[in-house]
Amino acid sequence: MIFTCSGRVAVTGVGKAGIIGQKISATLASTGTPSYWIHSSEARHGDLGKIVASDIVLALSNSGETEVVLLLPFLKQMGTKIISVTGNNKSSLALHSDVVLDIGNVEEACPLGIAPSSSTTAMLAIGDAIALTIFKKRNLSKEEYAFYHPGGELGRKLLPVEVVMRKGRENPVADEDMPLLDVLGIMTETKGNPGAVSIVDKNNRLTGFFTDGDLRRLLREGTSFLCKTIKEVMTPFPKVINNRCLVEEAYKILRENKIDQIPVVNDFHTPVGIFDVQDLLEVRF
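Residues numbered from 1 in each chain as written. Predicted model: local features only at pLDDT ≥ 70, side-chain atom pairs only at ≥ 80, totals over all residues. Heavy atoms only, no water.

Engineer: Explain the nonpolar core to me, please; I cannot follow it from the model alone.
Structural biologist: A general trend in soluble globular proteins is that nonpolar side chains are found buried together. Counting residues in hydrophobic clusters, the biggest one holds 18 residues, and the most contacted among them are Ile2, Leu58, Leu60 and Met123. Of all the secondary-structure elements, those providing two or more residues to this core are strand E1 (9-13), helix H1 (15-30), strand E3 (56-60), strand E4 (81-86) and helix H5 (118-138). The residues contacting Ile2, other than those within four sequence positions of it, are Val9, Thr33, Ile56, Ile83, Ile130, Ile134 and Arg138. (Core = buried A, V, L, I, M, F, W, Y, C linked by side-chain atoms within 4.5 Å. Buried < 20%, exposed > 50% of the residue type's maximum accessible area, 1.4 Å probe, protein only. Helix = DSSP H or I, 4+ residues; strand = E, 2+ residues; numbered from the N terminus. Contact = heavy atoms within 4.5 Å.)

Engineer: What should I look at first to understand the packing of H1 against H5 in this one?
Structural biologist: Describing two packed helices takes the angle between their axes plus the distance from one axis to the other. Put simply, H1 and H5 touch, their axes get as near as 9 Å, and they point 15° apart. As far as their axial angle goes, H5 and H1 are roughly parallel. Here H1 runs over H5; the crossing is right-handed. Taken together, the residues of H5 that come into contact with H1 (itself represented by Lys16, Ala17, Ile20, Lys23, Ile24, Thr27 and Leu28) are Thr120, Met123, Leu124, Gly127, Asp128 and Ala131. Looking at the contact of H1 with H5 residue by residue, the classes come out as seven nonpolar, three polar and three charged. (Axes fitted to C-alpha atoms, helices over the stretch in contact; angles between N-to-C directions. Parallel < 35°, antiparallel > 145°, perpendicular 65-115°, else oblique. Left-handed = near helix turned anticlockwise from the far one by under 90°. Nonpolar A, V, L, I, M, F, W, Y, C, P; charged D, E, K, R; others polar.)

Engineer: I keep staring at the layout of surface pockets and nothing clicks. Help me out?
Structural biologist: It is a probe the size of a water molecule, rolled over the atoms, that shows where empty space is left. In this structure, the largest pocket encloses a volume near 430 Å³. The wall of the largest pocket is formed by 23 residues, among which Phe209, Thr211, Ile259, Asp260 and Gln261 lie closest to the centre. In terms of residue count, helix H10 (residues 212-219) provides more of the lining of the largest pocket than any other element does, five residues in total. Its residues assigned to classes, the lining of the largest pocket shows eight nonpolar, seven polar and eight charged. Empty space within the second largest pocket amounts to approximately 160 Å³. Every element with two or more residues in the lining of the second largest pocket is listed here: H1 and H5. Examining the composition of the lining of the second largest pocket, we find that three residues originate from one element, H5, more than from any other. (1 Å grid on protein atoms, 1.4 Å probe; cavity = no way out; pocket = protein on both sides within 12 Å on 5 of 7 lines; lining within 4 Å. Points joined across faces, edges and corners; volume = space filled by probe spheres on them.)

Engineer: So what exactly am I meant to see when it comes to unusual backbone geometry here?
Structural biologist: Excluding glycine, residues mostly have negative phi values, and the peptide bonds linking residues are mostly trans. Residues other than glycine seldom take positive phi values, yet Asn193 does so here, at roughly 45°. Its place among the elements puts Asn193 in the loop between helix H9 (180-189) and strand E7 (196-200). At Asn204, a position not held by glycine, the phi torsion is positive, near 65°. Checked against the element boundaries, Asn204 lands in the loop between E7 and strand E8 (206-211).

Engineer: Sorry if this is basic, but what is going on with the environment of Lys90 here?
Structural biologist: In this fold, Lys90 is placed in the loop between E4 and helix H4 (92-95). For Lys90 and Gly64, which are 26 residues apart along the polypeptide, the C-alpha to C-alpha distance reads 8.3 Å.

Engineer: Sorry, what's going on with H10 here?
Structural biologist: Think of an α-helix as turning once every 3.6 residues; residues three or four places apart then point the same way. Considered for burial, the residues of H10 that qualify are Gly213, Asp214 and Leu215. Contacts from the buried residues of H10 go to H9, E8 and strand E9 (235-236).

Engineer: How should I be thinking about the sheet that holds E4 in this particular structure?
Structural biologist: Backbone-to-backbone hydrogen bonds join strands into a sheet, with any given pair of strands oriented parallel or antiparallel. If you trace the five strands from one edge of the open sheet to the other, you get E2-E1-E3-E4-E5, paired in parallel fashion. With partners counted over all chains shown, the strands left at the sheet margins are strand E2 (35-39) and strand E5 (99-102), one partner each. Each strand axis lies, on average, 20° off the axis of its neighbour in the sheet, ignoring direction. Along the sheet, H1 contacts E1, E2 and E3; its crossing angle with E2, the most-contacted strand, is approximately 165°. (Pairing = 2+ DSSP bridges.)

Engineer: What is the right way to read the sheet that holds E9 from this model?
Structural biologist: Strand order in the open sheet formed by four strands is E6-E7-E8-E9, and the pairing between neighbours is mixed. Either end of the sheet is taken by a strand with one partner, and the two such strands are strand E6 (173-175) and E9. Where E7 and E8 come together, five bridges link them in antiparallel fashion. Across the sheet, the residue bridging to Ile199 is Gly208, located in E8. Across the sheet, H10 is in contact with E8 and E9; its angle to E8 comes to roughly 65°.

What follows is the structure, given as structure tokens:
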């Protein structure tokens with residue numbers, strides 16, 4: 001039901017179950033299932049307007065007799081489907097739900113057997129199971145998952161390369177038939193001094209890469225190479241990364257190959273940027 005839902009998943013509950021509901025809603029939303037949390041009591045004072053017929057309500061209540069029950073007549077009137085997570089499959093909530101996920105008569109870990117503990121843990125486990133099963137069914141890529149996590153440590157790891165790479169005027173590109181000295185001029189004049197240049201053929205496809213490191217290595221053998229074209233001294237068929245790949249993947253390539261820069265290409269193998277290890281500092285990677 002949730003996978004085919006054309007609306008969103010409204011998660012509701014009160015007390016500790018409501019807090020668990022907030023976490024479940026957040027997990028659903030972050031894994032590609034649109035969701036929001038709504039307090040069962042506040043819903044009766046105007047927040048009910050957030051819910052529409054195409055939504056699904058995921059209601060949490062161990063007893064199945066909390067304030068959540070008071071929403072049922074209005075949800076039924078709207079035609080909204082109801083999935084309940086409860087420990088009482090004969091409760092009012094269970095009897096009026098389209099689907100009942102029964103956690104059973106769970107004994108609370110509280111010394112008095114009263115404070116919600118084991119029951120809310122069971123609810124949380126079921127909520128995570130639902131969210132992650134749907135996540136798997138949606139078959140989202142890392143790039144798609146990254147879209148929902150742009151901030152924090154996770155966001156930095158899931159940043160696409162195109163966000164961090166040097167592009168536009170900071171991305172020097174030279175024709176493979178250009179004299180090396182002219183290419184060095186392009187590298188020097190490029191904004192940000194990237195210390196590298198992508199080399200292309202007449203179809204604007206990447207054929208090579210040339211860096212400051214390459215220049216220093218050549219200088220150890222003299223200066224006669226300065227009269228050559230860039231095609232004669234460039235690194236042909238260099239390692240590349242697609243602009244839609246993640247920063248984490250690009251960093252792995254740099255680390256494993258002990259290089260500082262790598263050309264970034266699009267699906268047509270046209271250079272669209274340069275990924276430099278120094279730029280990782282800008283995003284605190």
